[in-house]
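# What the coordinates show
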Amino acid sequence: MYDETIDSFKWVFGTFLEAMCGKRPSTILTDQDHAMAAALSVVMPETFHGLCTFHIRRNFMKHLGNHYKENSDLPYMFGACMYEFEEVEQFNRVWEAMVKKHNLENNEWLSGLYRIRDKWARCMMKERWTAGMRSTQLSESLNAAIKNHLKLDHDLVQFFRHFNRVVDEKRHNELIAEYEMRQKLPMVGLRKTPMLVHASETYSPTVFVAFQNKYGESTAMVILRQQDAAMIVEFAVMRYDGGPERIVVFNRNDLSVRCSCKKYENEGILCGHALKVFDTMGIKIIPPEYIKRRWTKRARAGDCFDWRRREVVADPKIMISTRYRELAPAMIKVATRAAMSEDTSKVTITVISDLAKRVELLLSESEEQPLQNQKNLNMEERDKIEIVNEMGEAVVARGIKKRGGGKKSRVMRSWVDKFDKVKRKSRLSRTTQTTVWIKFWYSGNIYAKTKLLLYY
């Protein structure tokens, strides 16, 4: 971006929505940039705007570093308000105690941060979909990977060449992860547990580990009380060794569940409280409505289209190998059957020869199209030759073309062209003014000489 103004960010977010067919994101995490926040409120008012916790902690050190003392609990209290507390009352109580203990009532930055606490505090964001992310670390890591391959003097072509190198590395890592997911079985703690077996077959390895940890937590949960009301059952769930009490509402009609911790709404994975209720109600597999496709092994299955309804190819090299796997068995099957007799073999060879010519023709046409476009562009540029008049001003002359010669023909050059060739070889500075005497010889004697003032 040329600048980071409100209008520039409006254009960025508007272009993003256009590329995404008007589908807006549920949540956007940014740093504390006022121009970006103002543009988001105009372009995507329904999208939740969260703040990156990493940038908040860095600004916290910048604005409140002078309040640090030896064995000070200020950073720990602030971190607890940001990450730990799930209840608003507990958050407000600890925040007030922190401000009063460290005499921060008049701190403008901290007061402004408290006014926008719904953008960064855990208790305020537990109902917002964030996929478990609280910072912009993912985008920062991608920026760092790109900067490792870039320099300030790279032109646009070099930039895209190095950018494609970064993309190829990311795709290679994805292929390795997908191969390991298909070839290696996940480590299931309780192999005879139907829900864990179902999760291992459905979720990707990373998400399965997170789900298995939550299932392990559910075994430590106890149900304190249960209230039945027709099709709705309300459970009070808590860990056996203490902790906060959670209310889980279960619907017998559609087997839906809602927990007061809001973990599923925030991360897309069922919490231990909900899993304990499912086990109590005899549900031994994960209901389909609680399996997000983005966490499954088939997250990338299916076609993806852009805003013009054109299919988006993630990796052209993979598509080539996919088409090859489709064509090779069919060609081998035809060759196997055709080899049974001489007549079928001759017919197959003839058809294959015609097919090979047609394939080469189609490929050559597809390869010549971009070359033809570049050729037309070069011809347009060739018709524009920059000349310099006697005042030293640049003039663009249209319609002036190079004088072409036939095959094995020589184009006569004037003495100015020959001298210009010598000038280029001299490698003089372009800011040098030189006086040159040019002599003309005729029959071995000097016929005339003239003075030429040259500007380089």
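This report concerns the structure included in the present document. Please read all numbers here as calculations on a predicted model, not as lab measurements. (Residues numbered from 1 in each chain as written. Predicted model: local features only at pLDDT ≥ 70, side-chain atom pairs only at ≥ 80, totals over all residues. Heavy atoms only, no water.)

### A word on the side chain of serine 256
Counted only if it meets this: A helix here means a DSSP run of H or I that spans at least four residues, while a strand means a run of E at least two residues long, and both kinds are numbered starting from the N terminus. Throughout this description, a polar contact denotes any pair of N or O atoms lying within 3.5 Å of each other; where both atoms belong to protein, one of them has to be capable of donating a hydrogen while the other can accept it, and for residues adjacent in sequence the pair is counted only when both atoms sit in side chains. Every residue pair with non-hydrogen atoms within 4.5 Å of one another is taken to be in contact.
Its place among the elements puts serine 256 in strand S6 (residues 256-259). Only 2.8 Å separates the side chain of serine 256 from the side chain of aspartate 254, close enough to count as a polar contact. Among all residues touching serine 256, those that are not within four sequence positions of it are Val249, Phe250, Asn251 and Tyr290.

### Notes on helix H10 (residues 194-202)
As a reminder, the rule being used: Relative accessibility decides the category of a residue: with a 1.4 Å probe and only protein chains considered, values under 20% of the type maximum give buried, values over 50% give exposed, and everything between is partly exposed.
Within the span of H10, buried status applies to Met195, Leu196, His198, Ala199, Ser200 and Thr202. Looking at the buried side of H10, the elements it contacts are helix H11 (205-218) and helix H13 (272-280).

### Regarding the pairing of strand S2 (residues 48-51)
Rules: Pairing between two strands is assigned when DSSP locates at least 2 bridges connecting them. For a crossover, the right-handed case is the one in which the path from the first strand over the helix to the second runs clockwise, viewed with the strands pointing away from the viewer.
The alternating pattern of S2 places Phe48 and Gly50 on one face and His49 and Leu51 on the opposite face, and all of these are buried. In this structure, strand S1 (residues 27-30) lies alongside S2, joined through 4 bridges in parallel fashion. Within S2, the residue paired with threonine 27 across the bridge is phenylalanine 48. In terms of handedness, the path from S1 via helix H2 (residues 34-43) over to S2 forms a crossover that is right-handed.

### Remarks on helix H4 (residues 74-83)
Most of H4 sits out of view: 8 of its 10 residues are buried. Turning to H4, its buried residues are Leu74, Pro75, Met77, Phe78, Gly79, Ala80, Cys81 and Met82. Buried residues belonging to H4 abut helix H3 (53-64), helix H5 (88-101), helix H6 (108-115) and helix H7 (122-125).

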